[in-house]
Amino acid sequence: MFDLIVRNGLWFDGTDSGPRRATLGIRDGRVAEVSFGTLEETDCPEVIDAAGKWVLPGFIDIHTHYDAEVLLNPGLDESVRHGVTTIALGCCSMSSVYASTEDVADLFSRVEAVPRTHVLGALEQFRTWDGPEGYVKALDALPLGPNVTSFLGHSDLRTSVMGLGRATNTWALPTPGELKAMTARLDEALDAGMLGLSGMDSPIDKLDGDRYRSRALPSTYAWWHERWMLIDVLRRHGRIMQSAPNIKNPLTAVMFFAASGSYRTRRKQVPISLLVVADGKSAPGAHLVLRGAAAIGNAVFGSRVRFQHLPVPFTLYSDGIDLPVFEEFGAGTAALHLRDQLQRNALMADKDYRRKFRREFMLKRHMPGMWHKDFHDARIVECPDSTLIGKSFGQIADERGEHPLDVFLDVLVENGENNVRWTTTVGNHRPDVLDKIARDPNVQMGFSDAGAHLRNMAFYNFGLRFLKRMRDAEAAGQPVLPLGTAVHRLTGELGTWFGLDAGFLRRGDRADFVVIDPEGLDDTLADYHEEPADFFGGLSRMVNRSDKAVVATGIGGKVVFRDGAFIDGYGRTMQTGHYLKAGEKQAPAATVA
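Only a predicted model underlies this, so the values are computations on that prediction, with no experimental measurement involved.

1. Some points on empty space enclosed by the protein
Empty space among the atoms becomes visible once a probe the size of a water molecule is rolled across them.
Reasoning step 1: Here the structure, examined in full by the defined rule, presents 4 cavities of 30 Å³ or more.
Reasoning step 2: A volume near 60 Å³ is recorded for the largest cavity.
Reasoning step 3: Lining the largest cavity are D67, A68, M94, S95, S96, V104, L107, F108, V119 and L123.
Reasoning step 4: Taken together, the elements giving at least two residues each to the lining of the largest cavity come down to α3 (101-112) and α4 (116-126).

Encoded structure:
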């Protein structure tokens, strides 16, 4: 009767209901039976004994930058090995649907810290599409491991209509004909099943390449009349916008609430998912402001705005200054503008540059931003001078009797800027605050940034780490969320909000699931690891490699990862995932047996 049976597990269905002991029978990629007794196992080719384990819907990762990697590594195994079965691409205004191959590489590479040569190579090798329908078909023809879905990026769209030069020129406004072309192309993308439009208002992200290097992303140059027109297209289709307000101009956040709300048009809302609510060290009260703004804004404007949240400590690593936080001030951007390491070292040794760097750094020191800018909270983990490893730049400055910023630049110049690796936690460091954010209904559990910043961070397993925290709190008698609700926040809540056939594990639902051993939810989930990324020329990247928690991951009714290993042919010769089109009707859940 069944292709797969998962028996005697503690079953979470993706709603916020509590778990129950159950056995699942899976057939033709769907959950065919949920039984509180036994199911006939005769002739069933695969049975998983989940006694003592949790069985829950696969996690949904709503914010990734796998756009280049999915072409080279369709298994996206670093997420799947940690229970992620549905992945959203095309975030933060960057997609590869319309713009030319060279333009996409310039848009994506520096922002997401993926070497441009690999982005360009992936597109040159695999790009066969010239629009959204072809893009969707091309992705769905890959030997996908997980399911994928995607946004159309505003920077991609704007560039394809205006050209990258005009799209990043402050004084160049789109003509009426170009605005009409943008709305028509967005219409086409939504008809093809894309989630909606992704944008970026913050000018911190910069272009790569030689033509317009260090200009901000095209979407940051758009005036609000352009956004209104595009948002009205989303409203007609009932689709979503994902973006990030410019923190230097709080009015932009208000505009998103106004755009989402129904008060202006007396029509349906536009769901908007914004970056990002966090407990930042540079602005300890910012999460209160954003959460309060969401509650008040949604009530006042009749809007449907959510803030994305990474529910684990936001720990970053950096090789020298190859970190987006240095784009927050001009001297940092000037150094990152130089790709040649010798030129960059020479610049940082220059006295005039150092004066500028220090002046701008000190000016920004106490202003909100991604980075707290405290060199006493920045520890060296790799350095040619082994005597410095384990020390913070601030500690070294205290020993030398110098300013921490001067010591930071000295250490980089003396040892080679790209040879000094250091780490810091920029936020989400207070568990009690994370617990408050976890309860907030205006917050979405997301923002892993998987596939980007390969040497800077690894949050592929944030779902497991979130469940560990919820389980530990419950065990300590101080529950934050019931476990059923915690699972719902990572699965069914997101599937419903984004309009995807994903996130539930009831009869009739897609059989995308993860079997978790709760004993494996331990501190090793936060350990640091590196692994060669063969598809990116063997580049070493940060990963999560704690395989004790996930017993098995299943996609489309097929077990693809079990006991620490992927099945033969995964992501290469077989396809288990598909492109999930927005608005596809989810299979109705029937009663359990």
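2. Looking at helix α14 (residues 351-364)
Reasoning step 1: An ideal rise of 1.5 Å per residue puts 20 Å on 14 residues; α14 measures up with 20 Å between its terminal C-alpha atoms.
Reasoning step 2: Residues of α14 that are buried: Y353, R354, F357, E360, F361 and K364. All buried residues of α14 project into a common sector of 140 degrees when viewed along the axis, lining one side. Exposed and oriented more than 90 degrees from the buried face of α14 are K351, D352, R355, R359 and L363.
Reasoning step 3: Capping the start of α14, D350 holds a side-chain oxygen 3.1 Å from the backbone nitrogen of D352, two or three residues further along.

3. Here we look at the pairing of strand β19 (residues 529-533)
Reasoning step 1: Direction of pairing for β19 relative to strand β20 (residues 539-543): antiparallel, over a ladder of 5 bridges. Bridge pairing links H529 to V543 in β20.
Reasoning step 2: Between β19 and β20, which pair antiparallel one after the other, the connecting turn spans 5 residues, and G537 there sits at a positive phi close to 70 degrees.

4. Some words on the UniProt feature "domain: Amidohydrolase" (unreviewed entry) in the chain
Reasoning step 1: Per the UniProt entry, the sites bearing "domain: Amidohydrolase" (unreviewed entry) are residues 46-197 in this numbering.
Reasoning step 2: The span residues 46-197 is 45% helix and 16% strand, and its two end C-alpha atoms sit 41 Å from each other.

5. Quick look at the sheet that holds strand β7 (residues 84-89)
Reasoning step 1: Read from one edge to the other, the open sheet built from 3 strands follows the order β6-β7-β8, with strand pairing classed as parallel. Each edge of the open sheet carries a strand with a single partner, namely β6 (59-61) and β8 (147-150). Neighbouring strand axes in the sheet, compared pairwise and without regard to direction, differ in orientation by 20 degrees on average.
Reasoning step 2: Alignment of β7 against β8, held across 4 bridges, turns out to be parallel. From the neighbouring strand, T86 faces β8, where its bridge partner is N147.

6. Focus: the packing of helix α18 (residues 462-475) against helix α19 (residues 483-490)
Reasoning step 1: Where α18 meets α19, the axes come as close as 10 Å, and the angle between the chain directions of the two elements is 165 degrees. Here α18 lies roughly antiparallel to α19, going by the angle between them. Crossing of α18 over α19 shows right-handed handedness. Residues F462, G463, F466, L467, M470, R471 and E474 of α18 form the contact with α19, whose participating residues are L483, A486, V487 and L490.
Reasoning step 2: A breakdown of the residues in the contact of α18 with α19 according to their chemical character gives 8 nonpolar, 1 polar and 2 charged.

7. As for the sheet that holds strand β16 (residues 421-427)
Reasoning step 1: On the basis of which strands lie adjacent, the open sheet formed by 3 strands has the order β14-β16-β15 and antiparallel pairing. The sheet terminates laterally at β14 (314-319) and β15 (379-382), the two strands that pair on one side only. Averaged over neighbouring strand pairs, the angle between their axes works out to 35 degrees when direction is ignored.
Reasoning step 2: In the sheet, β15 pairs with β16 via 3 bridges, with the strands oriented antiparallel. Looking across to β16, one finds that R379 is bridged to T423.

8. Considering the state of the cysteines
Reasoning step 1: Tallying each qualifying case throughout the model produces 0 disulfides.
Reasoning step 2: Unpaired in terms of disulfides, C91 finds its nearest cysteine sulfur in C92, a separation of 6.0 Å.
Reasoning step 3: With relative accessibility at 0%, the residue C91 sits in the buried group.
Reasoning step 4: Classification of C92 as buried rests on a relative accessible area of 5%.

9. Things to note about the domain arrangement of the chain
Reasoning step 1: Along its sequence, the chain is organised into domain 1 (1-59 + 71-82 + 454-592) and domain 2 (317-425).
Reasoning step 2: Centre-to-centre separation of domain 1 and domain 2, based on C-alpha positions: 40 Å.
Reasoning step 3: Contact residues are listed per partner, giving 5 residues for domain 1 and 8 residues for domain 2.
Reasoning step 4: The largest contributions to the domain 1 side of the interface with domain 2 come from R455, N456 and Y528, which together make up 89% of the buried area.
Reasoning step 5: In this assembly, domain 1 and domain 2 are joined by 2 salt bridges.
Reasoning step 6: Its salt-bridge partner being E530, residue R421 comes within 3.8 Å of it at the nearest N-O pair.
Reasoning step 7: Here the residues of the side of domain 1 that touches domain 2 are counted per class, giving 2 nonpolar, 1 polar and 2 charged.

10. Considerations on helix α16 (residues 404-415)
Within an α-helix, residues lying three or four positions from one another point in the same direction, as the helix has 3.6 residues per turn.
Reasoning step 1: When the terminal C-alpha atoms of α16 are compared, their 16 Å separation across 12 residues agrees well with the 16 Å that a helix rising 1.5 Å per residue should span.
Reasoning step 2: A large share of α16 lies buried, amounting to 9 of its 12 residues.
Reasoning step 3: Among the structural elements, α13 (341-349), α14, β15, α15 (393-400) and β16 are those in contact with the buried residues of α16.
Reasoning step 4: Where α16 ends, the next residue or the one after it, G416, has phi of about 90 degrees, a positive value.

The rules behind the values
Residues numbered from 1 in each chain as written. Predicted model: local features only at pLDDT ≥ 70, side-chain atom pairs only at ≥ 80, totals over all residues. Heavy atoms only, no water. 1 Å grid on protein atoms, 1.4 Å probe; cavity = no way out; pocket = protein on both sides within 12 Å on 5 of 7 lines; lining within 4 Å. Points joined across faces, edges and corners; volume = space filled by probe spheres on them. Helix = DSSP H or I, 4+ residues; strand = E, 2+ residues; numbered from the N terminus. Expected span 1.5 Å × (residues − 1). Buried < 20%, exposed > 50% of the residue type's maximum accessible area, 1.4 Å probe, protein only. Arc of directions from axis to C-beta. Polar contact = N/O pair within 3.5 Å; in protein donor to acceptor, adjacent residues only side chain to side chain. Pairing = 2+ DSSP bridges. UniProt positions renumbered as here; feature names shortened; annotations may be inferred. Axes fitted to C-alpha atoms, helices over the stretch in contact; angles between N-to-C directions. Parallel < 35°, antiparallel > 145°, perpendicular 65-115°, else oblique. Left-handed = near helix turned anticlockwise from the far one by under 90°. Contact = heavy atoms within 4.5 Å. Nonpolar A, V, L, I, M, F, W, Y, C, P; charged D, E, K, R; others polar. Disulfide = S-S within 2.5 Å. Domains from an automatic or database assignment. Buried area = accessible area lost by both parts, 1.4 Å probe. Salt bridge = Lys/Arg side-chain N within 4 Å of Asp/Glu carboxyl O.

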